[in-house]
Amino acid sequence: MTKIAAVIVAGNARDAKREARAALSRGADLAELRFDHMDHVGPEVVRSLSAAVGSRSIATLRSPAQGGRGPPASNRDDLMKEIAAQRFAYLDIELEADGDRAEELRKIAKRHRTVVIASHHFPESANSSEVQDALESCAAIGDIAKVAVPAADVESAIQLVDLVRARASRKARSVVIGTGTAGMLTRVLADESGQEIQYASWGGAVVPGQLPRAVAKRLRGRAPIVLGIVGHPIGHSLSPAIHEAALAALDLPGVYLPFDVDMDSLDRLLQAADRLRIRGLNVTIPHKEAIVEKLDELDGDAERLGAVNTVVIGEGWTKGHNTDVFGFRLSLRSLGLRVGDRRALVIGAGGAARSVVDVLLREGAKVQVTGRNTKRAESLAGSFDETVEVVPLEALPRSGPWDLLVNATPVGGEGFPGGLPVPEPILTNVGYVYDLVYNPPTTPLVAAARRLGRPATSGLEMLLHQAAKSFELWIGRSPPVEAMRRAAKEALS
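Residues numbered from 1 in each chain as written. Predicted model: local features only at pLDDT ≥ 70, side-chain atom pairs only at ≥ 80, totals over all residues. Heavy atoms only, no water.

K.L.:
Hey, could you go over the environment of Ile285 for me, with residue numbers and the actual values?
P.N.:
Among the secondary structure elements, Ile285 is positioned in the loop between strand S11 (278–283) and strand S12 (297–298). What makes Ile285 partly exposed here is its relative accessible area of 33%. C-alpha of Ile285 to C-alpha of Gly183: the two residues are 102 residues apart in sequence and 22 Å apart in space. Contacts of Ile285, omitting those with residues within four sequence positions, involve Gly231, His232 and Pro410. (Helix = DSSP H or I, 4+ residues; strand = E, 2+ residues; numbered from the N terminus. Buried < 20%, exposed > 50% of the residue type's maximum accessible area, 1.4 Å probe, protein only. Contact = heavy atoms within 4.5 Å.)

K.L.:
Could you give an account of a negative patch on the surface, with specific residues and numbers?
P.N.:
The grouping of Asp153, Asp260, Asp262 and Asp264 at the surface amounts to a negative patch. The topology assignment puts Asp260 in strand S10 (residues 254–260). (Patch = residues over 30% accessible without salt bridge, like charges linked within 9 Å, V, L, I, M, F, W, Y side chains within 5 Å. Areas by Shrake-Rupley, 256 points an atom, 1.4 Å probe, with all protein chains shown as cover. Salt bridge = Lys/Arg side-chain N within 4 Å of Asp/Glu carboxyl O. Lys, Arg positive; Asp, Glu negative; His and termini not counted. Charge placed at Lys NZ, Arg CZ, Asp CG, Glu CD.)

K.L.:
Give a detailed account of the pattern of salt bridges, specifying residues and quantitative values.
P.N.:
Considering all chains together, one arrives at 38 salt bridges under this definition. Linking Lys319 and Glu297 is a salt bridge whose minimum nitrogen-to-oxygen distance equals 3.7 Å. With Lys319 in strand S14 (residues 318–321) and Glu297 in strand S12, the pair connects residues that are 22 residues apart, well separated along the chain. Relative accessible area serves as the criterion here: at 22%, Lys319 is assigned to the partly exposed category. The partly exposed category is assigned to Glu297, whose relative accessible area is 39%. The partner of Arg451 in a salt bridge is Glu424, and the shortest N-O contact between them spans 3.1 Å. Of the two residues, Arg451 is situated in helix H15 (residues 444–451) and Glu424 in the loop between strand S18 (402–407) and strand S19 (430–435); the sequence distance between them amounts to 27 residues.

K.L.:
An account of the pairing of strand S4 (residues 90–94) is needed here, citing residue identities and associated values.
P.N.:
Within S4, 5 of the 5 residues are buried, leaving the element largely enclosed by the surrounding structure. Relative to strand S5 (residues 115–121), S4 runs parallel, the two being bridged by 5 bridges. The partner of Tyr90 across the bridge, within S5, is Val115. Assessed by its sense of winding, the connection that carries the chain from S4 through helix H4 (residues 102–110) to S5 is right-handed. (Pairing = 2+ DSSP bridges. Right-handed = clockwise from strand over helix to strand, strands pointing away.)

K.L.:
Report on the side chain of His236, specifying residues and quantitative values.
P.N.:
Along the chain, His236 falls in the loop between strand S9 (225–231) and helix H9 (239–249). The residues contacting His236, other than those within four sequence positions of it, are Glu414, Phe416, Tyr438 and Asn439.

K.L.:
A description of the sheet that holds S11 should follow, citing residues and the corresponding values.
P.N.:
Across the sheet, which stays open at both edges, the 6 strands sit in the order S10-S9-S11-S13-S14-S12 with mixed pairing between neighbours. Either end of the sheet is taken by a strand with one partner, and the two such strands are S10 and S12. Bridge count for strand S13 (residues 310–313) against S14 is 4 bridges, and the pairing is antiparallel. Bridged to Val312 within S14 is Lys319. Packing of helix H16 (residues 460–475) onto the sheet brings it into contact with S9, S10, S11, S13 and S14, and relative to S11 it is tilted by some 160 degrees. (Axes fitted to C-alpha atoms, helices over the stretch in contact; angles between N-to-C directions.)

This is the structure in C-alpha cells:
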C-alpha cells in the first residue's frame, strides 16, 4: 500500500518537530523533513530531528536547482553524510547533486537500514522517454526511483500514469509525480497505480497540485472515485470546492479535478476514462454542445436540447445528462419567481441558454432571446416547438419591458470578458435580473441592476441545485447539500 508522506516545511527544528508529530498523529505514515527550508541546518539540527521523528521520516535536503529553498548549501557534502549517518526511515538523494557520491551515501545509510530515494525534478515538461530515462538513472543509485515533472496537460498526466503502472507491474519501486493542476491525476491514482509514496501537503502545498493530507488519507487503500469538470477556462469554477466538500462529508474515496481541455484533449480524456477511474464529469463552456456526439447515450433533457452538462461514465459506456434544467427550475422556485405568462429575455445562445429557455417555456413564459451572434440565437429559437422571438442587441432599447432578464453568457465572470452583457439602460426596463454567473458573487450585471433599484441574483443557487443532481447521478446517494452550500460560500468569500 502506498505510504502517505506529509511534507513538512518549517524554519527551524522545533517547529519541524512539532508539525511532523502532528501530521503523524493525524494519519500520515511519514513526515518529509525539508531541511532546505530550515535556517542554520547543522549536525545538531539533523541529530535532534532524527532522535525525535527520524524512524518515521524522509530526510530531504533539496538543492536550489531541484526546487529547494535558498542558496546552495556550501557544505552540502558534509550535511548529506551527516543526514545519511542518522536514523531516518528514508533518505532522499538527488541524481545530479549527489550522483557522484551516491554509493558512499547509500553505504552510510544502510547501517541504519535507511531506504534511499534517488530523485530527479524536471524544471520543465518532458516527454515520456525522458522521464523513463531519468527513472532508470535514479533506480541505478537508489532503492526507490522518484521523478517529478510538470504536466503540461491532461495527456501528459495520462502518459505518466501509464508509465508508473508499467513500472509497478515489473515490481520496480517508483514515485512518478506530475506537478501542477494537470498532473493531479498522478497523485490521485498513486495508490491504485502502485506508487511507493504519496507526498501530501501539510498546511499549504509546497508545489501546485499536491493533495492535502486528509484527501490522500481518504483515498488510501480504497478504489478511487475520480470526478471532474471539463471546459476552458475553468479556473473560476466553484465545482471543485462544492464536490470535494460533498465527498469529504460522506467520507468517500473520491476527488473532483479541474480538466482544462480543448476538444482534442477531451476526446483522449473520454477514451482513457475507464483506466483513469473517472466515474463522472461536469461539462462547461465551450463543450456543452460539442460533447453530445461523443457520448453513447443521452437523457431526455440532454437529447431534446442538444446540450450536456453532466456525464456519467460506466464500464465502456457514457451517458450525458442536462442537470442545468433541473437546477434552473429549482432555483426559480427557491427564489419565489413565478414566470407563467410573464415576459422573459434570455441573453446568450449556448448550452446554458438552451436549458434556461426550455424551463421558461415549460413554465409558461413568453420568451425572447438576444446575443452577439444573431444566427446562433435564431438557431436556438428555431429548435423549440414553441415560439421564441429573437431580438438583436441593437433593437433592445426599442423592445421590452421584461419581467425577467436572464444572462446565460459568461460575460462578467471570473476569467471571462468584463462589463455587462447588455447596455445598462436596458435594465431599467426589467423587473428582475438573474445572472447565471456566480463568480464573483456580485457580478457587474447584478451590481448594475441593484444600483438601478432592480432585484437581482447570481447563479449560485442554480449551481448548487444542478451540482447536487450531478452528484446523485454519479454516486447514487443523496448529496450533502448544506455542506456543498457552505463550501461554495467559503470559496467565494
